[in-house]
Protein chains: 2
Amino acid sequence: MEDRKKDLSERKKIILKAIIDAHIENGEPVGSKYLTGHKQISCSSATIRNEMAELEEMGFLEQPHTSAGRIPSEAGYRFYVDWLIDRYNFTQGEMDELRHTLNQKQSELDSIMQTAVALAAKLTNYTALAIKPRQPRITVARYELLRLNEMTLILIMVIGGIVKTKYVHSNRPIPNEAAACLSAVLNKYVTGITAAEITLPMMMEMERVMGEYEYLVSPVIKAVCETISVFDGGELRFEGINRLLAYPEFYDMDRLRDMLALFEKKDDLLEVLSEETKHTADDRVQVYIGRENIVKVMDNSTLIFKAVRDHGKTVGAIGIIGPTRMDYRRVIATIDQLTRGVSEVLGDPSGPADDGKNS
Amino acid sequence: MEDRKKDLSERKKIILKAIIDAHIENGEPVGSKYLTGHKQISCSSATIRNEMAELEEMGFLEQPHTSAGRIPSEAGYRFYVDWLIDRYNFTQGEMDELRHTLNQKQSELDSIMQTAVALAAKLTNYTALAIKPRQPRITVARYELLRLNEMTLILIMVIGGIVKTKYVHSNRPIPNEAAACLSAVLNKYVTGITAAEITLPMMMEMERVMGEYEYLVSPVIKAVCETISVFDGGELRFEGINRLLAYPEFYDMDRLRDMLALFEKKDDLLEVLSEETKHTADDRVQVYIGRENIVKVMDNSTLIFKAVRDHGKTVGAIGIIGPTRMDYRRVIATIDQLTRGVSEVLGDPSGPADDGKNS
DNA sequence: TTTAGCACTTCAAAACCGCGAGTGCTAAAC
DNA sequence: GTTTAGCACTCGCGGTTTTGAAGTGCTAAA
């Protein structure tokens with residue numbers, strides 16, 4: 001990797017950066033003449049043309065057609081993000097707003113993520129997403145049952161620090177003491193194991209212990225399994241979908257439709273993201289440019305996200321999605337600060353630590 | 001109202017209906033010659049032209065420009081929906097699918113609505129929406145507190161048949177017995193009243209009763225209020241946003257953007273819908289055409305929805321949103337059947353009753 | 001190695017044009 | 001009085017042509 005940095009002469013780097021900056025700014029192909037005005041470049045347009053031709057040969061630039069300027073290729077953006085980009089500094093005001101908004105609603109992870117993702121959309125003006133990754137081996141830490149009425153119980157489960165509730169309807173009246181009894185049994189037999197690990201002998205054992213209330217075991221266990229399977233399914237939430245339309249690259253109806261379909265189907269993207277958020281141990285902002293994304297629809301889009309940690313454990317991720325031509329500097333910085341902020345609100349000490357380099 | 005029906009001669013009605021049917025079908029302005037082929041119309045194109053001119057004068061039709069055919073005006077659609085439309089009959093297959101899908105997931109209102117709205121989008125091929133209306137005077141029926149760990153309680157509330165949970169963090173250790181004690185106090189003092197009705201004297205009284213645990217009262221009450229205010233905020237969920245793009249009337253980027261923004265902001269629409277769902281006592285499918293909608297963005301769109309009742313109480317609504325030119329027949333029938341189906345699954349006896357006329 | 005000059009390419013927007021659909025009107029027919 | 005045929009007129013749509021600007025690659029000189 002590091003040697004690739006040396007592949008380019010200093011002047012080529014300046015030119016490449018200037019081209020990408022300009023293209024990000026206005027979205028149009030940039031020509032040699034335009035760069036003449038750039039302060040760090042002091043050669044003529046002809047020289048720049050030669051350099052550009054070489055940069056194209058190397059795969060960092062491409063031409064929509066002869067006689068248009070150059071636009072960055074995916075490799076170009078990749079090089080830019082990896083080596084050329086400089087750090088974006090938030091103004092104090094922006095930082096304040098960010099902190100303030102996040103601290104507003106001091107409560108569940110869910111609502112914090114919701115605020116954060118809304119903020120991400122607003123600050124970057126791209127479509128933002130919040131990811132709750134799949135958790136294939138999730139277990140219940142604790143059960144509690146309440147008797148709601150004659151025929152209905154409320155089943156309360158503490159799963160991965162989150163509380164989930166579910167009704168359980170019975171076809172026979174439920175005596176008052178049955179609820180407490182059943183919670184005790186559940187807590188004894190089915191804590192710390194996954195849904196798949198609940199075996200028939202276990203259920204029979206529970207029914208034996210429950211004595212005359214054995215008829216409640218089966219519906220409750222069914223409810224437990226259902227809840228777990230819904231919970232570990234992961235979740236993907238979008239905010240600011242309409243912001244896509246602000247960018248000419250999404251003016252193509254077909255692409256737009258595909259994109260919206262992607263947003264609605266969620267499964268594909270969730271799959272990918274669950275993998276990524278789980279595996280990447282490092283705490284960097286992840287940047288996937290164009291075809292680096294596994295989902296075909298996102299060929300011309302960039303996905304940027306970073307995991308949110310709560311006391312070292314990955315509990316989700318926040319990111320944005322937009323055209324490959326995007327303001328990487330600002331977006332990367334925003335996502336970085338935002339995830340830090342969320343961790344902070346969650347009380348994670350590792351939050352404010354700051355290293356800055358990103359991949 | 002009824003006399004307006006007489007305003008139009010039988011022939012005019014046939015012609016108007018034919019025009020609207022044709023326009024719904026193919027989206028293009030329909031001319032006099034085209035109607036000659038219609039089976040119920042047996043006069044020449046010239047006569048039809050005269051009739052059309054009169055219908056235009058009355059405000060039921062309009063011309064995009066001279067020398068184009070006519071398209072229905074909003075008043076035209078309104079008349080069509082009120083008087084001209086005939087009933088759409090589902091095939092047995094369609095009915096079966098509907099029932100079957102709805103019965104799949106026999107559980108919470110939330111997930112039933114989710115299934116229903118997905119089904120609505122699929123069946124109609126328009127964007128579907130599920131509404132949980134605002135409930136300004138919501139009260140908690142029952143409280144329960146669990147001690148999660150040293151410093152945290154889980155607050156469980158039964159609100160309007162739904163269970164909500166929330167963490168309460170304390171700054172002092174919480175003894176085991178405090179939870180039970182506090183639930184008893186909550187159940188005694190703050191059931192059946194709205195958040196606004198919790199007064200300072202009441203809180204002081206509770207603190208007195210709680211004795212040494214009085215430091216828990218304030219954070220818990222705060223949590224209660226927060227939860228209530230979030231809960232009665234109402235909810236609006238969309239499904240199938242990408243289906244908008246299938247219709248040429250949304251090919252205009254600006255309109256599309258506005259529409260998506262509407263979907264994200266939700267507040268406006270929720271406001272309107274909460275009002276409507278609450279006030280309309282009757283069990284009809286509601287149809288709002290074009291500028292009949294209070295929200296300006298929806299000028300060229302139609303909103304169709306119907307309340308979902310659970311044992312007589314309105315618990316939500318399901319609807320669709322689409323271009324003014326839409327297949328009213330099918331959509332109205334679909335929404336009607338769908339809400340009936342949901343009520344049925346919820347166990348509401350009034351569900352399957354069937355009258356059919358709609359406004 | 002850099003630069004000025006020039007011929008060439010390509011696309012985008014504007015201008016143009018003909019076609020066809022559909023109308024309104026008038027006058028004749030029923 | 002109502003219906004119909006006929007006709008002149010209008011207007012937008014789609015395709016083609018024209019024009020112009022932008023930018024390149026190459027060559028030859030500095």
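Look above for the structure.
Remember, predicted model here, so these are calculated numbers, not experimental data.

**Topic: the overall build of chain A**
Phase 1: What chain A contains, in helices and strands, is 13 helices and 10 strands.
Phase 2: A compact globule built from 359 residues should have a C-alpha radius of gyration of about 21 Å, whereas chain A, at 26 Å, is more than 25% larger.
Phase 3: A buried classification covers 53% of the 359 residues belonging to chain A.
Phase 4: For chain A, contacts bridging at least 24 residues in sequence account for 63% of all contacts bridging at least 6.

**Here's the deal with the pattern of salt bridges**
Phase 1: According to the stated counting rule, one finds 50 salt bridges over all chains in the structure shown.
Phase 2: The partner of A:Glu74 in a salt bridge is A:Arg291, and the shortest N-O contact between them spans 3.4 Å. Remark: A:Arg291 occurs in the loop between strand E8 (286-289) and strand E9 (301-310) and A:Glu74 occurs in helix H5 (residues 74-84); sequence separation between them is 217 residues.
Phase 3: Accessibility expressed as a relative area gives 23% for A:Glu74, which makes it partly exposed.
Phase 4: Its salt-bridge partner being B:Glu51, residue B:Arg11 comes within 2.7 Å of it at the nearest N-O pair. Of this pair, B:Arg11 sits in helix H2 (residues 10-26) while B:Glu51 sits in helix H4 (residues 45-58), and the two are 40 residues apart along the sequence.
Phase 5: A residue is classified by how much of its surface remains accessible, and B:Arg11, at 39% relative accessible area, is partly exposed.
Phase 6: Overall, B:Glu51 belongs to the buried group, its relative accessible area being 5%.
Phase 7: Several salt bridges converge on common partners, so that one network encompasses A:Arg11, A:Lys12, A:Glu51 and A:Glu54.

**So, the protein's contact with DNA strand C**
Phase 1: Near DNA strand C you find 19 residues, and of these A:Ser44, A:Thr47, A:Thr66, B:Ser32 and B:Arg70 are the closest.
Phase 2: What you see for DNA strand C is that sugar and phosphate hold 77% of its atoms within 4 Å of the protein.
Phase 3: Note that a phosphate oxygen of DNA strand C is positioned 2.8 Å from one of the side-chain N or O atoms of B:Ser32.
Phase 4: Listed by contribution, the elements that provide at least two residues to the surface near DNA strand C are helix H4 (45-57) of chain A together with H4 of chain B.

**Topic: the interface of chain A and chain B**
Phase 1: Facing the 30 residues of chain A at the interface are 31 residues of chain B.
Phase 2: The contact between chain A and chain B buries some 3,000 Å² in all, and 59% of this surface belongs to carbon and sulfur atoms.
Phase 3: Per-residue buried area on chain A facing chain B is highest for A:Tyr167, A:Met253 and A:Glu264; these three make up 21% of the total on that side.
Phase 4: Viewed at the interface, chain B and chain A are joined by zero salt bridges.
Phase 5: Seen at the junction of chain A and chain B, the total is eight residue pairs in polar contact (both at pLDDT 80 or more).
Phase 6: Those elements that provide at least two residues to the side of chain A that touches chain B are strand E4 (140-149), strand E5 (152-159), strand E6 (162-169) and helix H11 (253-265) of chain A.

**As for the packing of aromatic side chains**
Phase 1: Following the criterion strictly, the structure yields 14 aromatic pairs over all chains and no others.
Phase 2: Where A:Tyr77 meets A:Tyr328, the ring centres are 5.6 Å apart and the plane angle is 45°; that geometry is what we call tilted. Here the residue A:Tyr77 occupies a position in helix H5, and A:Tyr328 occupies one in helix H13 (residues 328-345), the gap between them amounting to 251 residues.
Phase 3: For A:Tyr328, a relative accessible area of 0% puts it in the buried group.
Phase 4: Summarising the aromatic geometry, the rings of A:Tyr288 and A:Phe305 are spaced 6.0 Å apart at their centres and angled 10° between planes, so their arrangement reads as stacked. Of the two residues, A:Tyr288 sits in strand E8 while A:Phe305 sits in strand E9, which places them 17 residues apart along the sequence. Like A:Tyr288, the residue A:Phe305 is buried in the burial classification.
Phase 5: Its end group placed over the ring of A:Tyr215, A:Arg172 keeps NZ or CZ at 4.1 Å from the ring centre.
Phase 6: Above the ring of B:Phe250, the side-chain terminus of B:Arg255 is found at 4.6 Å from the ring centroid.

**Considering the sheet that holds strand E5 (residues 152-159) of chain B**
Residues and elements named next belong to chain B.
Phase 1: Strand order across the open sheet formed by three strands is E4-E5-E6, with antiparallel pairing between neighbours. Edge strands, defined here as strands with exactly one partner in the open sheet, are strand E4 (140-149) and strand E6 (162-169). On average, each strand axis in the sheet is tilted by 20° relative to the strand beside it, whichever way the strands run.
Phase 2: Across eight bridges, E4 lies against E5 in antiparallel orientation. Residue pairing in the sheet places Arg-147 in a bridge with Leu-153 of E5.
Phase 3: Against the sheet, helix H10 (residues 217-231) touches E4, E5 and E6, its axis set at about 140° to E6.

Analysis parameters
- Residues numbered from 1 in each chain as written.
- Chains lettered and ligands numbered in written order.
- Predicted model: local features only at pLDDT ≥ 70, side-chain atom pairs only at ≥ 80, totals over all residues.
- Heavy atoms only, no water.
- Helix = DSSP H or I, 4+ residues; strand = E, 2+ residues; numbered from the N terminus.
- Rg over C-alpha atoms; globule rule 2.2 N^0.38 Å.
- Buried < 20%, exposed > 50% of the residue type's maximum accessible area, 1.4 Å probe, protein only.
- Contact = heavy atoms within 4.5 Å.
- Salt bridge = Lys/Arg side-chain N within 4 Å of Asp/Glu carboxyl O.
- Near = heavy atom within 4 Å.
- Polar contact = N/O pair within 3.5 Å; in protein donor to acceptor, adjacent residues only side chain to side chain.
- Buried area = accessible area lost by both parts, 1.4 Å probe.
- Phe/Tyr/Trp six-rings, centres within 6.5 Å; stacked < 30°, edge-to-face > 60°.
- Lys NZ or Arg CZ within 6 Å of the ring centre and 35° of its normal.
- Pairing = 2+ DSSP bridges.
- Axes fitted to C-alpha atoms, helices over the stretch in contact; angles between N-to-C directions.

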